[in-house]
2 protein chains.
Amino acid sequence: MRKQGAAVGLRDIAEMTGVSLTTVSKILGGKDKLFADATVARIRQAAQQLNYRPNAIARNLRCGRTRTVGAMIPLIGYFSHVLSGIHSTLFEHGYAVIIGTPPKLNTASDDQTEAQVIHQLIERNVDGIILRPSSEQFERAYFDEIWQRNVPLIAIDRELSLFKTDFVGTDDEAIGAAAARHLADLGHRRLLFIGRDDVQTAELRGLGFRCAAGEVEGASCAHFVGAGQWQEVASVMQRDDRPTGIFCYSDAVAERLITRLQEWGVRVPEDVSVIGAGNTKMVRELTTFDQQPYEIGKGAAQLYLKRINEDTRAASPTIIRLPAILIPRATTAPPPA
Amino acid sequence: MRKQGAAVGLRDIAEMTGVSLTTVSKILGGKDKLFADATVARIRQAAQQLNYRPNAIARNLRCGRTRTVGAMIPLIGYFSHVLSGIHSTLFEHGYAVIIGTPPKLNTASDDQTEAQVIHQLIERNVDGIILRPSSEQFERAYFDEIWQRNVPLIAIDRELSLFKTDFVGTDDEAIGAAAARHLADLGHRRLLFIGRDDVQTAELRGLGFRCAAGEVEGASCAHFVGAGQWQEVASVMQRDDRPTGIFCYSDAVAERLITRLQEWGVRVPEDVSVIGAGNTKMVRELTTFDQQPYEIGKGAAQLYLKRINEDTRAASPTIIRLPAILIPRATTAPPPA
DNA sequence: CTGAAAGCGCTAACAC
DNA sequence: GTGTTAGCGCTTTCAG
């Protein structure tokens with residue numbers, strides 16, 4: 001007599017059907033071709049009847065595979081779509097996703113928290129980790145823990161500088177180029193990029209923007225990054241020959257810009273056109289780029305699955321940069337006559 | 001000699017220090033008070049040196065506890081904040097969160113997918129499940145699987161009708177009441193609620209709205225729910241004595257309403273005031289309620305921790321409804337003279 | 001204070 | 001086709 005409430009296991013099915021535990025394991029484990037049809041049917045039925053669910057924990061302990069991956073990626077906003085893509089794709093393949101987002105704890109420093117998260121994932125024997133690097137020079141120590149244990153690592157959104165890993169992100173240069181061309185097509189010639197100098201994605205977008213701008217007949221292109229950029233913006237926007245087409249590397253920056261422009265009495269888009277990136281719906285009707293975050297997540301999951309099937313850590317990393325889609329809305333228009 | 005690359009285990013530490021595996025287990029497991037300080041120090045040091053990480057899988061198999069909870073809750077938008085609250089709180093207590101969001105699969109029906117998700121969680125032996133019911137008459141069969149196995153279940157946002165469980169959500173009636181009072185305070189007397197008849201939260205908000213409206217001197221309150229509500233809105237807004245203060249049960253509905261009002265040439269807030277709920281930033285400057293989703297997640301996690309510590313499923317369920325905070329913005333104003 | 005032995009639920013090698 | 005045995009890495013009696 002089993003303890004009341006205890007989970008039903010292979011043994012229960014074996015006892016019930018008068019067959020050995022091993023046989024049950026094999027049949028329910030998919031190796032049913034080796035057995036007599038009658039036995040298979042009998043086992044299957046008993047399993048169903050007892051409402052048997054395999055114990056993944058036990059299975060994993062034996063096989064050393066957990067079919068679980070850790071996702072170290074923000075939960076909010078843009079990245080929630082990435083996570084959704086990761087989860088859906090992995091779920092279809094029988095994998096579970098365990099959240100490895102470093103929470104904002106009031107007790108510990110960020111570094112400690114991040115290390116703790118990695119410990120948690122390692123202790124739970126995740127088969128892989130999908131990571132959006134929180135900073136680009138991610139602490140080497142954290143990674144060694146992952147690297148040494150040979151856990152496949154897929155980076156998202158920003159490439160890691162210290163380790164060469166598989167990567168899925170946005171084609172940032174192409175975004176910049178497309179922004180410049182969109183403005184140029186509308187007739188703008190005095191262009192401005194507002195970015196940052198400490199974020200990879202921002203730099204690449206600026207690069208693409210300037211390159212494409214350089215190919216436009218008669219275009220000039222300014223470029224403000226880093227601390228003090230808002231003062232620069234403020235001063236340049238006072239001038240008669242101020243830029244009329246501005247590309248901000250993110251929607252958040254575009255929003256701040258538009259707020260300021262309105263304060264200065266500059267109308268958008270009549271006087272100045274503004275483009276953002278991310279499609280994060282912060283400002284209504286902002287012309288922006290949809291970076292297809294769900295697809296990025298899906299791509300990362302697929303890359304992961306490919307990686308573990310090949311089982312070759314040695315193979316050179318795959319880098320995928322997905323195109324973003326321009327969404328023209330109400331903040332871009334031809335320049336004033 | 002251990003196999004190259006294999007994880008270091010208790011045995012390795014035992015061999016290294018010349019002490020028994022059991023002793024190592026106990027010391028590293030926190031029962032260090034029972035041992036000689038010298039031994040404890042020796043073991044600790046060896047563990048550090050070998051970079052030992054306990055294998056949670058093995059531990060769990062032995063103890064029957066996984067310190068993992070499943071979160072069956074949407075990943076996007078409002079609920080991503082709830083998830084964040086759940087994750088942060090549980091993480092502080094050593095729990096991991098595994099994603100149990102039913103993904104939109106193109107192959108299976110929703111019901112099948114939901115069942116599969118539950119199987120996945122059960123098979124991984126989650127210690128509990130935090131759920132935002134996707135429909136209110138959630139299929140009984142799914143739950144029996146959870147219920148029978150005695151897995152603590154915490155509901156979020158909407159109470160389950162079939163099972164009495166712990167619950168954390170918003171004080172929906174209070175939201176409705178506060179919306180009515182806000183409009184009344186601004187001077188509105190002809191009020192309107194736009195809701196739904198098949199969603200618990202919407203109904204409760206409507207109830208609170210009407211009750212509070214009833215207590216306002218000279219106020220009248222209409223109430224549109226269910227199919228055909230937009231036709232009703234359209235027709236009532238033509239009239240001379242149309243409502244001047246409207247409360248929509250969600251931001252999404254408020255957004256749709258404002259779009260329509262603008263099409264009809266009705267100005268917001270000069271002619272009509274509109275309030276939403278959720279603070280989902282869909283429309284800029286919408287007067288709405290912040291439902292404190294992070295706090296709701298945190299509350300659910302705390303309730304879960306309390307529940308497993310008591311270990312009494314028999315105890316009556318705890319129901320928590322957190323207040324929402326009115327955020328007055330640009331879509332509410334005094335009525336036209 | 002410390003250790004030997006049993007066993008969590010399952011899979012995999014190797015018999016018959 | 002089916003059963004026996006060993007053991008994944010750990011915790012937990014129970015015995016010194």
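Quantities reported herein were computed from a predicted structural model and do not represent experimental measurements.

J.: How would you summarise the side chain of Thr 331 of chain A if you had to cite specific residues and measurements?
T.: All names here are of chain A. Looking at where Thr 331 falls in the secondary structure, it is placed in the segment after strand S12 (325–327). Of note is the side chain of Thr 331, whose polar atom sits 2.7 Å from the backbone oxygen of Val 274. A distance of 2.8 Å separates a polar side-chain atom of Thr 331 from the backbone nitrogen of Thr 287. Excluding its chain neighbours within four sequence positions, the residues that come into contact with Thr 331 are Ile 258, Val 268, Pro 269, Val 272, Ser 273, Val 274, Glu 285, Leu 286 and Thr 287.

J.: Pulling in residues and values, what's your account of the protein's contact with DNA strand D?
T.: The full set close to DNA strand D counts 24 residues, and Thr 22 and Arg 62 of chain A together with Leu 10, Arg 59 and Arg 62 of chain B are the nearest of them. Put simply, 58% of the atoms of DNA strand D that lie within 4 Å of the protein are in sugar or phosphate. One of the backbone nitrogen or oxygen atoms of Ala 58 of chain B is found 3.4 Å away from a base nitrogen of DNA strand D. Taken together, the elements giving at least two residues each to the surface near DNA strand D come down to helix H2 (21–28) and helix H4 (56–63) of chain A together with helix H2 (21–28) and helix H4 (56–63) of chain B.

J.: Let's hear about the sheet that holds strand S6 (residues 190–194) of chain B: which residues, and what values?
T.: Residue and element names in this part refer to chain B. The four strands lie next to each other as S7-S6-S8-S9, forming an open sheet whose pairing is parallel. Each edge of the open sheet is held by one strand with a lone partner, namely strand S7 (220–224) and strand S9 (273–275). Taking each pair of neighbouring strands and ignoring which way they run, the sheet shows an average axis angle of 20°. Judged from the five bridges that link them, S6 and S7 form a sheet pairing that is parallel. Looking at S7, one finds that Leu 191 is bridged to Cys 221. On top of the sheet, helix H8 (residues 172–186) reaches S6, strand S8 (245–248) and S9; it is set at about 160° to S8, its chief contact. The sheet strands contacting helix H9 (residues 200–214) are S6, S7 and S8, and the helix crosses S6 at an angle near 170°.

J.: I'd like a description of the pattern of salt bridges, backed by residues and values.
T.: All names here are of chain A. Scanning all chains against the criterion turns up 20 salt bridges over all chains. Among the salt bridges present, the one from Glu 159 reaches Arg 321, with a minimum N-O distance of 3.0 Å. Taken together, the positions of Glu 159 in the loop between strand S4 (153–156) and strand S5 (166–170) and Arg 321 in strand S11 (residues 319–322) put the pair 162 residues apart, joining distant regions of the chain. Looking at Arg 321, the relative accessible area reads 25%, which means it is partly exposed. Two residues, Asp 166 and Arg 307, come together in a salt bridge whose shortest N-O distance is 2.9 Å. In this pair, Asp 166 sits in strand S5 while Arg 307 sits in helix H12 (residues 293–310), placing the two residues 141 residues apart along the sequence. For Asp 166, a relative accessible area of 4% puts it in the buried group. Here the salt bridges share partners, and the residues they tie into one network are Glu 159, Asp 172, Arg 205 and Arg 321.

J.: Go over the sheet that holds strand S7 (residues 220–224) of chain A, please, and point to the residues and values.
T.: Residues and elements named next belong to chain A. The sheet built from four strands is open, its strands ordered S7-S6-S8-S9 with parallel pairing. Taken across any chain shown, the strands that pair with only one partner, and hence form the sheet edges, are S7 and strand S9 (273–275). The average angle at which neighbouring strand axes cross in this sheet is 20°, direction not considered. Two elements, strand S6 (residues 190–194) and strand S8 (residues 245–248), share four bridges in a ladder whose sense is parallel. Considered in S8, the bridge of Leu 191 is made with Gly 245. Along the sheet, helix H9 (residues 200–214) contacts S6, S7 and S8; its crossing angle with S6, the most-contacted strand, is approximately 170°. Against the sheet, helix H11 (residues 251–263) engages S6, S8 and S9, with an angle of about 160° to S9.

J.: Residues and numbers for the pairing of strand S2 (residues 96–99) of chain B, please.
T.: All names here are of chain B. Going residue by residue along S2, you find Ala 96 and Ile 98 tucked away on one face and Val 97 and Ile 99 tucked away on the opposite face as well. Note that strand S1 (residues 68–72) and S2 share four bridges and pair parallel. Following the sheet pairing, Thr 68 is matched in S2 by Ala 96. For the crossover from S1 across helix H5 (residues 78–92) to S2, the handedness is right-handed.

J.: An account of the relation of the copies chain A and chain B is needed here, citing residue identities and associated values.
T.: Of the transformation superimposing chain A on chain B, the axial component is 0.0 Å and the angular component is 180°, with the fit at an RMSD of 0.1 Å. Accordingly, the operation relating the two chain copies is best matched by a two-fold axis. Measuring from the rotation axis to each C-alpha of chain A, the shortest distance belongs to Ile 98 of chain A, at 2.2 Å. Both copies present the same face, since 100% of the interface residues in chain A are matched by interface residues at the equivalent positions in chain B.

J.: Any details on the interface of chain A and chain B? Residues and values, ideally.
T.: Chain A puts 51 residues into the contact, and the matching count from chain B is 51 residues. Between chain A and chain B the total buried area reaches about 4400 Å² when both faces are included, carbon and sulfur atoms providing 59% of it. At the boundary of chain A and chain B, one finds two salt bridges. For Glu 145 of chain A, the salt bridge identified is with Arg 53 of chain B, shortest N-O distance 2.5 Å.

The rules behind these values
- Sequence order as written defines residue numbering, which begins from 1 separately in each chain.
- Chains and ligands are labelled sequentially in the order written, the chains with letters from A and the ligands with numbers from 1.
- At least 70 in pLDDT is required for a residue's local features to be given in this predicted model, at least 80 for side-chain atom pairs to be given and counted, and no such filter applies to totals for whole chains, interfaces and linings, which use all residues.
- Hydrogens and water molecules were not included; the side-chain quantities draw on all heavy atoms of the structure.
- Secondary structure counts use DSSP, requiring at least four H or I residues in a row for a helix and at least two E residues in a row for a strand, with both numbered from the N terminus.
- As used in this structure description, the phrase polar contact means that two N or O atoms lie within 3.5 Å; if the pair is within protein, one of them must be able to donate a hydrogen and the other to accept it, and residues adjacent in sequence are counted only when both atoms belong to side chains.
- Should any heavy atoms of two residues lie within 4.5 Å, those residues are counted as being in contact.
- We call a residue near a molecule or strand when any one of its heavy atoms sits within 4 Å of it.
- At least two bridges found by DSSP between two strands is the condition for calling them paired.
- In this analysis an axis means a line fitted to C-alpha atoms, helices contributing only their contacting stretch, and an angle means the value between N-to-C directions, from 0 to 180 degrees.
- Salt-bridge detection follows one rule: a side-chain nitrogen of Lys or Arg within 4 Å of a carboxyl oxygen of Asp or Glu.
- Only protein chains enter the calculation, and the probe is 1.4 Å; a residue is then buried if its accessible area is under 20% of its type maximum, exposed if over 50%, and partly exposed in between.
- Convention used here: a crossover is right-handed provided that the path from the first strand, over the helix, to the second strand proceeds clockwise when the strands point away from the viewer.
- Superposing the copies works by least squares over the C-alpha atoms of residues that have pLDDT at least 70 in both of them.
- Accessible area, probed at 1.4 Å, shrinks when two parts are joined; the buried area is that loss added up over both.

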